Amino acid sequence: MSEFIKVFWFLYVAHAITDVVGQSERAYNMRQPVKDNPHWFYWLLAHGLLNGFGVWMVTGYTALGIGETIHHAFTDYCKDKKWLSLKGDQLSHFIAKVAWALAVTWQ
């Protein structure tokens, strides 16, 4: 199996854990940028950090973990504001995982 496929696989498994399994309904609701939720940013940042941590755990690169944190939080913000559909959100996450895997395995 190619190194790219292995890294991509582990990145996507980490994404499934942190974005689906590891996000409670409360966390999802609290990260929504709505008028009566003044703390939404902290919840969204925490969600992004969990995803960034997953990327760091797989790749060992802090910069990629930080990049994932920012990308993931921004993408989810766009989805929460209804600027992106669920499919667009997940496509963006998929493309990010491809980019991180390429960054680690490109020769």
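Scroll up to find the structure this text is about.
Note that this is a predicted model, so its numbers are computed, not measured. (Residues numbered from 1 in each chain as written. Predicted model: local features only at pLDDT ≥ 70, side-chain atom pairs only at ≥ 80, totals over all residues. Heavy atoms only, no water.)

Notes on the overall build of the protein
Helix and strand content of the protein: 5 helices and 0 strands. Out of the 107 residues belonging to the protein, those deemed buried represent 37%. Nonlocal contacts in the protein, meaning residues at least 24 apart in sequence, comprise 63% of its contacts between residues at least 6 apart. For the protein, the exposed area adds up to about 6,800 Å²; of that, 71% sits on carbon and sulfur atoms. Here the protein carries 9 positive and 8 negative side-chain charges, and the mean point of each set is 4 Å from the other. (Helix = DSSP H or I, 4+ residues; strand = E, 2+ residues; numbered from the N terminus. Buried < 20%, exposed > 50% of the residue type's maximum accessible area, 1.4 Å probe, protein only. Contact = heavy atoms within 4.5 Å. Areas by Shrake-Rupley, 256 points an atom, 1.4 Å probe, with all protein chains shown as cover. Lys, Arg positive; Asp, Glu negative; His and termini not counted. Charge placed at Lys NZ, Arg CZ, Asp CG, Glu CD.)

Focus: the packing of helix H1 (residues 3-21) against helix H5 (residues 86-105)
Viewed as axis vectors pointing N to C, H1 and H5 meet at an angle of 140°, and their least axial separation amounts to 9 Å. Compared by their axis directions, H1 and H5 come out oblique. Taken as a pair, H1 and H5 cross one another with a handedness that is right-handed. Between H1, through Glu3, Phe4, Val7, Phe8, Leu11, Tyr12, His15 and Asp19, and H5, the contact on the second element is made entirely by Gln90, His93, Phe94, Lys97, Val98, Trp100, Ala101, Leu102, Val104 and Thr105. Residue composition of the contact of H1 with H5, by class: 11 nonpolar, 4 polar and 3 charged. (Axes fitted to C-alpha atoms, helices over the stretch in contact; angles between N-to-C directions. Parallel < 35°, antiparallel > 145°, perpendicular 65-115°, else oblique. Left-handed = near helix turned anticlockwise from the far one by under 90°. Nonpolar A, V, L, I, M, F, W, Y, C, P; charged D, E, K, R; others polar.)

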